[in-house]
Amino acid sequence: MSGFLDGIRCGDCECNVDWGERRNTIASIAAGVLFFTGWWIIIDAAVKYPDGAEFHHAYHTCGVIATVAFLMINAVSNGQVRGDSYSEGCMGQTGARVWLFLGFMLAFGSLIASMWILFGGFVVPQKLIVYPGIAIFFQNAFIFFGGLVFKFGRTEDLWQ
């Protein structure tokens, strides 16, 4: 069952594109588009609702924390976490794993906090304008998934 789509031809195009060598490029572009889309959505909400009563400006903290988490998660390579390429430094492989764990904690925490802001600040009080809450959630979701695509969508085989 694992190769049931191997025999399916999509059109009669004879273009033989080797996606293996372009995997890093495609993953980087996809992650960049997701990251950009997240910030674009929150900028739109901030421009549309500049008043603090409709959109409290402290809610931007979730997006900033998600961006820091994005950087923390992708600052550590998979080889450093496995211990293949990183043996020196302050804490070695353990330090890389702790750094990655803290990055994922910040990423999940900002995503959960954005859901809390959406429901606690906009849905439950039954405000007429809920778009800022939705924008905060989608900003953090796009940054989170962009970080995952950038971390796990690329391969390190081409770097060595």
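Summary of the structure given here. All values derive from a computational prediction rather than experimental measurement.

## Some details on the nonpolar core
Stage number 1. Residues A69, I73, V76, V81, A96, L100, F104, A107, L111, A141 and F144 constitute the largest nonpolar core, which totals eleven residues.
Stage number 2. Of all the secondary structure elements, the ones that give two or more residues to this core are α2 (60-74), α4 (92-123) and α5 (131-152).
Stage number 3. Sequence-distant contacts of V81, defined by excluding residues within four places in its chain, comprise V76, Q93, A96, R97 and L100.
Stage number 4. Counting residues in hydrophobic clusters, the runner-up holds ten residues, among them I41, F55, I117 and F122.

## A short note on the packing of α4 against α5
Stage number 1. Contact pair α4 / α5: the axes reach a minimum separation of 8 Å and the direction vectors enclose 160°. One finds that α4 runs roughly antiparallel with respect to α5. The handedness of the crossing between α4 and α5 comes out as left-handed. Across the interface between the two elements, L100, F104, A107, F108, S110, L111, S114, M115, I117, L118 and F122 from α4 touch P132, G133, I134, I136, F137, N140, A141, F144, L148, K151 and F152 from α5.

Quick notes on the rules
Residues numbered from 1 in each chain as written. Predicted model: local features only at pLDDT ≥ 70, side-chain atom pairs only at ≥ 80, totals over all residues. Heavy atoms only, no water. Core = buried A, V, L, I, M, F, W, Y, C linked by side-chain atoms within 4.5 Å. Buried < 20%, exposed > 50% of the residue type's maximum accessible area, 1.4 Å probe, protein only. Helix = DSSP H or I, 4+ residues; strand = E, 2+ residues; numbered from the N terminus. Contact = heavy atoms within 4.5 Å. Axes fitted to C-alpha atoms, helices over the stretch in contact; angles between N-to-C directions. Parallel < 35°, antiparallel > 145°, perpendicular 65-115°, else oblique. Left-handed = near helix turned anticlockwise from the far one by under 90°.

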